[in-house]
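Survey of secondary and tertiary structure
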Amino acid sequence: MQLKPIVTGLALACTLASQASLAETTTLRIAHVWPGGSLIDRELFQAWGSSVEEASQGRLEVEVYPGQTLTKSEQTYQSTASGIADIGASAQGYTAGRFPLTQVVELPGVSASAAQGACILQSLYDQGALDDEYADTRPLFLFTTGPGYLHTQERAIETPDDLAGLRLRRPTPLVGDMFERLDAQAVGMPAPDVFTAMQRGVVDGLSFNWEAMKTFRLNELADHHTEIPLYDLSLFATMSQRSYEQLPPDLQRVIDDHSGQEWSQRAAAVYDELIRQGRQEAVAAGDEILVIDDALDDPDWGPVLQETIDRYLGEHGDRAAEVYEDAMALKEQCPA
């Protein structure tokens, strides 16, 4: 007769413990490179965090650390892998040599917009083509910036010969190699540092997409723009594997539901809107904008771009060539 209250008491204790576990809050820290308050910060990462908090009924809280405040851009991926950040977002190109297959999507002519680039890149990952490059984290979604062009102060760039002697911030080693072959000086630095460098005359120009020209206020400095698609920068939002595995299964499902192509395209939509706004800023300022149509077939630029593609694929071997072929096939399925 004495066992009944003991059993009842144990059952009550287990129920209370279970309820406490369900009510327990886990904080996830997102580290990203974009400025706080920017559209990307608000409409992508803050929005992602709010959606996760709502879907988890408050059991997940998301703290967003923009503008390299938690980890530097070039350290973001490794900081996420080691758990300094629970989630990190930056450019693959900041971790030189780590993502050669991913960066196939950065080659000239692979994509014509952020939406198309994001679709191609996320699809390559979903198909398993890039698994080895992210083995130590859990990618949430991959996306791209849209085509990057040339932007300079006081000097128009019409042909590749016009780059000779200029100091240009390179977005990736691939574009930096192109600049060096054209007798320009390629300068490497994180995106947030470019405004000050250009303002002080450390660089004469840069290669960026229109979003970055707006986000990092570079339209205030550059007055000549050449729309020659040199690259399309790849980007990641990835999660610490340990942080993910420490979550109970139902909260892991919340994270899974906030991953993949849907959020890749949401990121791309923010980028494409900023691309529109960034270009409009330059138009409104009366800047000179030169458009190079059908760049790969252009008599001046085409050979330079094709050599860049060939050199990259030659350097990274058959697997990179296979991924390039897959990317070009996906281009037909992913709308621009």
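This one's a predicted model, so the numbers in the text were calculated from it and none came from an experiment.

Observations concerning the state of the cysteines
Going through the model one piece at a time under the given rule, you end up with 1 disulfide. Here Cys119 engages in a disulfide with Cys334; their sulfurs sit 2.1 Å apart. As the torsion about the S-S bond is roughly -65°, the Cys119-Cys334 disulfide counts as left-handed. Within this pair, whereas Cys119 is found in helix α4 (residues 114-126), its partner Cys334 is found in the segment after α11 (301-333), the two being separated by 215 residues in sequence. The same class applies to Cys119 as to Cys334, namely buried.

Examining the pattern of salt bridges
As enumerated under the stated definition, the model contains 15 salt bridges in all. With a shortest N-O distance of 3.9 Å, Arg29 and Asp86 are connected by a salt bridge. Of this pair, Arg29 sits in strand β1 (residues 26-32) while Asp86 sits in the loop between α3 (76-81) and β3 (87-91), and the two are 57 residues apart along the sequence. Overall, the relative accessible area of 28% leaves Arg29 in the partly exposed class. Because the salt bridges share partners, they merge into one network encompassing Asp177, Arg181, Glu307 and Arg311.

Remarks on the packing of aromatic side chains
Under the defined criterion, the tally for this structure stands at 12 aromatic pairs. Pairwise contacts between aromatic rings join Trp34, Phe45, Phe141, Phe143, Trp263 and Tyr271 into one cluster. Taking NZ or CZ as reference, Arg138 lies 3.8 Å from the ring centre of Tyr244, over its face. Seen from the ring of Phe195, Arg217 lies directly overhead, with NZ or CZ sitting 4.4 Å from the centre.

Some words on the confidence of the model for the protein
When the pLDDT values of the protein are averaged, the result is 92; 93% of them are 70 or greater. Taken together, the stretch residues 1-22 has pLDDT below 50 and engages in 1 contact with residues farther than four places along the chain or on a different chain.

Examining a negative patch on the surface
Residues Asp161, Glu180, Asp183 and Asp300 make up a contiguous surface patch of negative charge. Relative to the assigned elements, Glu180 resides in helix α5 (residues 173-181). Judged by relative accessible area, Glu180 falls into the partly exposed class, the value being 44%.

Considerations on the side chain of Arg169
Among the secondary structure elements, Arg169 is positioned in strand β5 (residues 167-170). Although buried, Arg169 forms no salt bridge, and the nearest oppositely charged side chain, Asp193, lies 8.3 Å from it. In terms of polar contacts, Arg169 uses its side chain to reach the backbone carbonyl oxygen of Met189, at 2.8 Å. Non-local contacts of Arg169, meaning those with residues more than four positions away in its chain, are made with Tyr94, Phe179, Val187, Met189, Pro190, Ala191, Val194, Val203, Gly205, Leu206, Ser207 and Phe208.

Rules used throughout
Residues numbered from 1 in each chain as written. Predicted model: local features only at pLDDT ≥ 70, side-chain atom pairs only at ≥ 80, totals over all residues. Heavy atoms only, no water. Disulfide = S-S within 2.5 Å. Helix = DSSP H or I, 4+ residues; strand = E, 2+ residues; numbered from the N terminus. Buried < 20%, exposed > 50% of the residue type's maximum accessible area, 1.4 Å probe, protein only. Salt bridge = Lys/Arg side-chain N within 4 Å of Asp/Glu carboxyl O. Phe/Tyr/Trp six-rings, centres within 6.5 Å; stacked < 30°, edge-to-face > 60°. Lys NZ or Arg CZ within 6 Å of the ring centre and 35° of its normal. pLDDT = per-residue confidence, 0-100. Contact = heavy atoms within 4.5 Å. Patch = residues over 30% accessible without salt bridge, like charges linked within 9 Å, V, L, I, M, F, W, Y side chains within 5 Å. Areas by Shrake-Rupley, 256 points an atom, 1.4 Å probe, with all protein chains shown as cover. Lys, Arg positive; Asp, Glu negative; His and termini not counted. Charge placed at Lys NZ, Arg CZ, Asp CG, Glu CD. Polar contact = N/O pair within 3.5 Å; in protein donor to acceptor, adjacent residues only side chain to side chain.

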